[in-house]
Amino acid sequence: MRHIQSTAAWRGHPLRGLLFDLDGTLLNTASDIARALNRTLSEYGIVALPVSDVSRMIGRGSPMLIERAAAARGHVLDDADRAAMLDRFFHHYGALEESDESDAQPYPDVGETLQTLHYAGMQIAVVTNKQWRFANGLLQRLGLLRFINFIVGGDTCERRKPDPQPLLFACESLGVAPSEALMVGDSINDVKAARAAQIPIVCVPYGYNEGQDPRALACDAMVETLADLPRLVWPHP
């Protein structure tokens, strides 16, 4: 673990809080999402999708995922089917944890980096469109929850990313002003939310950006892995 002795800053401004996206930033969850999605689709007679296709659909929350998956197979959902499929998706996703079928894992360097940031006194929140109970359960199972001060799920606020509300609520809950925060994400969703909240954003190139190249994102900086993040905010330890 890297020991930090100086004060964190972002481009000359003091930095006290870090907001992390979850899926595609901290955790590789595509196979879990695809498994739960395909079990839902099968109940409605819809042909399963490969994980690679599902990965390109992740973003903007589970309702959008259901909509995109059905459309990819030529199905138009009415409101009743959409709500019922969403409920079944949540059932199957939760069952993965209960039956120990989940194979979601942190990306390389995530655990060590979060530990470094935590012990350096940084306030850390996870801001995700995944339901709070799933985000909390995954972080707990993978041993990362102890480094997280607060979680904002897709069902925590009235609105989800790309709306800025979840990011601003995370800052308020951490006791950190938006001007003292930095967002870390992997998608246009994260960039739009951060821009609207007037919070700078750093992106990773390996996540889920709705089928687009994350390197093309209009973020403030790109890090190859989260291990590079401490060097950005503590350039002179």
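Below or above, wherever it landed, is the structure these notes cover. (Residues numbered from 1 in each chain as written. Predicted model: local features only at pLDDT ≥ 70, side-chain atom pairs only at ≥ 80, totals over all residues. Heavy atoms only, no water.)

**Description of the environment of Arg68**
Going by this rule: Numbering of helices and strands starts at the N terminus; helices are DSSP runs of H or I of at least 4 residues and strands are runs of E of at least 2. The contact criterion used throughout is that any non-hydrogen atoms of two residues lie within 4.5 Å. Contacts described as polar in this section are N or O atom pairs within 3.5 Å, which, within protein, must combine one atom able to donate a hydrogen with one able to accept it, while residues neighboring in sequence count only if both atoms come from side chains.
The residue Arg68 is located in helix α3 (residues 62-72) in this model. The contact partners of Arg68, leaving out residues within four places of it in the chain, are Met57, Ile58, Gly59, Arg60 and Glu210. A polar side-chain atom of Arg68 sits 2.8 Å from the main-chain carbonyl oxygen of Met57.

**Comments concerning the sheet that holds strand β7 (residues 150-152)**
Note the following rule: Two strands pair if DSSP finds at least two bridges between them.
Pairing within the open sheet is parallel, and its six strands lie in the order β7-β6-β3-β8-β9-β10. Only two strands of the sheet have a single partner each, and these edge strands are β7 and β10 (221-222). For strand β3 (residues 17-20) and strand β8 (residues 181-185), the ladder comprises four bridges, and the chain directions are parallel. Bridge pairing in β8 links Leu19 to Met183.

**Quick notes on the packing of α3 against helix α4 (residues 79-98)**
This is how it is decided: To get an axis, fit a line to the C-alpha atoms, keeping to the stretch in contact for a helix; angles then go from 0 to 180 degrees between the N-to-C directions. Every angle not falling under 35 degrees, over 145, or within 65 to 115 is termed oblique; those three ranges are roughly parallel, roughly antiparallel and roughly perpendicular. Helix crossings get a hand from a simple test, with the near helix turned counterclockwise from the far one by less than a right angle marking a left-handed crossing and a clockwise turn marking a right-handed one. When residues are grouped by polarity, Ala, Val, Leu, Ile, Met, Phe, Trp, Tyr, Cys and Pro land in nonpolar, Asp, Glu, Lys and Arg in charged, and all others, Gly among them, in polar.
Interhelical geometry of α3 versus α4 gives an angle of 110° and a closest axis separation of 10 Å. Relative to α4, the element α3 is oriented roughly perpendicular. With respect to the hand of their crossing, α3 and α4 are arranged in right-handed fashion. In this structure, α3 contributes Ser62, Pro63, Leu65, Ile66 and Glu67 to the contact, and α4 contributes Arg82, Met85, Leu86, Phe89 and Phe90. Per-class residue counts for the contact of α3 with α4 are seven nonpolar, one polar and two charged.

**Looking at unusual backbone geometry**
Worth spelling out the cut-off: A 1.4 Å probe rolled over the protein chains alone gives each residue an accessible area, and that area as a share of the maximum for its type sets the label: buried under 20%, exposed over 50%, partly exposed in between.
Residue Lys161 is joined to Pro162 through a cis peptide bond whose omega torsion reads 20°. With phi around 60°, Asp100 is a residue other than glycine that occupies positive phi space. By secondary structure assignment, the location of Asp100 is in the loop between α4 and β5 (105-106). By relative accessible area, which is 64% here, Asp100 ends up exposed. Of note in this structure, Glu210 is not a glycine but carries a positive phi near 55°.

**What to know about the pattern of salt bridges**
Rule in force here: Think of a salt bridge as a Lys or Arg side-chain nitrogen and an Asp or Glu carboxyl oxygen that are within 4 Å of each other.
Within this structure, the stated rule accounts for 18 salt bridges. The partner of Glu210 in a salt bridge is Arg68, with the nearest N and O atoms 2.9 Å apart. Taken together, the residues span a long stretch of sequence, with Glu210 in the loop between β9 (201-203) and β10 and Arg68 in helix α3 at a distance of 142 residues. Assessed through its relative accessible area of 17%, Glu210 is described here as buried. Salt bridges sharing common partners tie together Asp21, Lys161 and Asp190.

**Thoughts on the packing of aromatic side chains**
Basically, it comes down to this: Aromatic pairing here means that ring centres of Phe, Tyr or Trp (its six-membered ring) are within 6.5 Å. Orientation follows from the plane angle: under 30 degrees is stacked, over 60 is edge-to-face, and everything else is tilted.
Using the criterion set out here, one finds seven aromatic pairs in the structure. Between the aromatic rings of Phe89 and Tyr93, the centroid separation amounts to 5.9 Å while the plane-to-plane angle is 35°, which identifies the pairing as tilted. With Phe89 and Tyr93 both in helix α4 and four residues apart, this pair spans about one turn of that helix. Assessed through its relative accessible area of 4%, Tyr93 is described here as buried. Geometrically, the ring pair formed by Tyr107 and Tyr206 is tilted, given 4.3 Å between the ring centres and 40° between the ring planes. In this pair, Tyr107 is assigned in the loop between β5 and α5 (110-119) and Tyr206 in the loop between β9 and β10, connecting sequence segments 99 residues apart.

**Comments concerning the side chain of Glu210**
A polar side-chain atom of Glu210 sits 2.9 Å from a polar atom in the side chain of Arg68. Excluding residues that lie within four positions of it along the chain, Glu210 makes contacts with Arg56, Ile58, Gly59, Arg60, Arg68 and Ile188.

**Considering the state of the cysteines**
Put simply, the rule is: Criterion for a disulfide: a pair of cysteine sulfur atoms at a distance within 2.5 Å.
The tally for this structure, following the rule as stated, stands at zero disulfides. Of the cysteine sulfurs around Cys157, a residue in no disulfide, the closest is that of Cys171, at 11 Å. By relative accessible area, which is 13% here, Cys157 ends up buried. Its relative accessible area of 1% is what places Cys171 among the buried residues.

**Let's talk about the side chain of Asn38**
Relative to the elements of secondary structure, Asn38 occurs in helix α1 (residues 30-43). Given a relative accessible area of 16%, Asn38 falls into the buried group.

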